[in-house]
Amino acid sequence: ELVPPGILPLLQWEQGYLAFIVLSAKHVISVFMLLIMVMDYMKKKFIVERLILPDILIVLSYAWIIFSDLFVSKRPDISLSFSLLSLHGLVLYFFVRLYRSRWNNFLTIILALFLSVVLFESIISFQQFLASAPVGKNIESVLVNADFGNAVDELAFRFRPIGTLEHANELAILLAFYLPILFTHFYETSFFSYLIEFIIGIMVLTLTLSRTAWAATVVGLMTIIYFFEKVLRKKMPTVASRYI
C-alpha cells in the first residue's frame, strides 16, 4: 500500500493507491532454468563462453537498474522488488545463449513463439477495443476498466486495449520488441504470413496510443531497412501470390 484510503479522490482511488508485486509461472520457470545452468556448469557440461558486447550491455543495463533502485529511488523496497522480478529476462537470455546450439531448428522455434505471442495478444486486444473494456477472460490481468485520460495529452473517452497485461503501455512495449523481429524475417524470406501478422501487430500498437512505443518501433524499422538496403544491398521483397 503506497497511499492509504481516504486521501486520494474517491471516484478514482477508493481503496488508496496500491502496487501489485506478482510472482507468476515465468519466475518459477526462470529459477529452474538458473538451477539447470548452475548444475550443468558444475558438471562441466559446457564451458562458459567469452562475453560478447550484447552480453556486457545487457548485464550493465540490469546492474544500472539495481543500482538506481538501491541508491536513487525514494522507495527502494518497491523499486527493487519490481526490478528483481524482471531478472527472469536476464536468466532467459543467458539460458538461450548457452543451449541454443543443442536445439534443432532453434530459430524456427523461437520465431514461431514470437508469432504466437503477437497473434494471441492481438486477438484479445481487438476484442477489448470493440467492447471498450476488458472482456472478462481469466487470462486478463485487469478485469475492470483501466484508468486512462488523466494526463494532459490523453483523451479520457478513448479506450486503450491492454491484452493480457496490466497497462496499454506494457502491451505497446511488448509489440515494439516483437514487430521489428517479424519485419526482419519478412525481409529475409518474403513469407506472406510474416507480413500479415506484422500488419496486425502494427494495428494493435496504434490502438494502444503509446507514443513512445510508436517512436521506438519506427526507429527500429528504419534501422532494419537501412541495414538491408545500404549494408546488405538487399531490396525490400514483393509479396507474390505463391507466398500465400
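Higher on the page you've got the structure.
On a predicted model such as this, the values are computed, not experimentally measured, just so you know. (Residues numbered from 1 in each chain as written. Predicted model: local features only at pLDDT ≥ 70, side-chain atom pairs only at ≥ 80, totals over all residues. Heavy atoms only, no water.)

1. Considerations on helix H6 (residues 168–189)
And step 1. Taking 1.5 Å of rise per residue, 22 residues should cover 32 Å, and H6 covers 31 Å from first to last C-alpha, within 8% of that figure.
And step 2. Those residues of H6 lying buried are Ala168, Leu171, Ala172, Leu175, Ala176, Tyr178, Leu179, Pro180, Leu182, Phe183, Phe186 and Tyr187.
And step 3. Lining the buried residues of H6 we find helix H5 (106–131), helix H7 (192–207) and helix H8 (211–231).
And step 4. Of the residues one or two after H6, Ser190 is the one with positive phi, at around 65°. (Helix = DSSP H or I, 4+ residues; strand = E, 2+ residues; numbered from the N terminus. Expected span 1.5 Å × (residues − 1). Buried < 20%, exposed > 50% of the residue type's maximum accessible area, 1.4 Å probe, protein only. Contact = heavy atoms within 4.5 Å.)

2. A look at the pattern of salt bridges
And step 1. With the rule as written, the count across this model stands at two salt bridges.
And step 2. Linking Asp55 and Arg97 is a salt bridge whose minimum nitrogen-to-oxygen distance equals 2.7 Å. In this pair, Asp55 sits in helix H2 (residues 53–71) while Arg97 sits in helix H4 (residues 88–99), placing the two residues 42 residues apart along the sequence. The same class applies to Asp55 as to Arg97, namely buried.
And step 3. In this structure, Asp77 and Arg75 form a salt bridge, with 3.1 Å as the shortest nitrogen-oxygen distance.
And step 4. A relative accessible area of 42% means that Asp77 is categorised as partly exposed. (Salt bridge = Lys/Arg side-chain N within 4 Å of Asp/Glu carboxyl O.)

3. What about the environment of Tyr99?
And step 1. Position of Tyr99 among the secondary structure elements: in helix H4.
And step 2. In this structure, the C-alpha to C-alpha distance between Tyr99 and Met37, residues 62 residues apart in sequence, is 9.3 Å.
And step 3. Once you skip the residues sitting within four places of it in the chain, Tyr99 turns out to touch Ile36, Met37, Asp40 and Phe46.
And step 4. In this structure the side chain of Tyr99 is engaged in a polar contact, spanning 2.6 Å, whose partner is the side chain of Asp40. (Polar contact = N/O pair within 3.5 Å; in protein donor to acceptor, adjacent residues only side chain to side chain.)

4. A closer look at the packing of aromatic side chains
And step 1. According to the stated counting rule, one finds 11 aromatic pairs in the structure shown.
And step 2. When the ring of Tyr93 is compared with that of Phe94, the centres are 5.1 Å apart and the planes differ by 80°; the resulting orientation is edge-to-face.
And step 3. Judged by its relative accessible area of 21%, Tyr93 falls in the partly exposed class.
And step 4. Relative to Phe228, the ring of Tyr187 lies with its centre 4.4 Å away and its plane at 5°, an arrangement referred to as stacked. In this pair, Tyr187 is assigned in helix H6 and Phe228 in helix H8, connecting sequence segments 41 residues apart.
And step 5. According to the relative accessible area criterion, Tyr187 is buried, its value standing at 1%.
And step 6. In this structure Phe228 comes out as buried when scored by relative accessible area, which is 4%.
And step 7. Counting every residue linked through ring pairs, the aromatic cluster contains Phe183, Tyr187, Phe198, Phe227 and Phe228. (Phe/Tyr/Trp six-rings, centres within 6.5 Å; stacked < 30°, edge-to-face > 60°.)

Read these as spatial facts, not as claims about activity.
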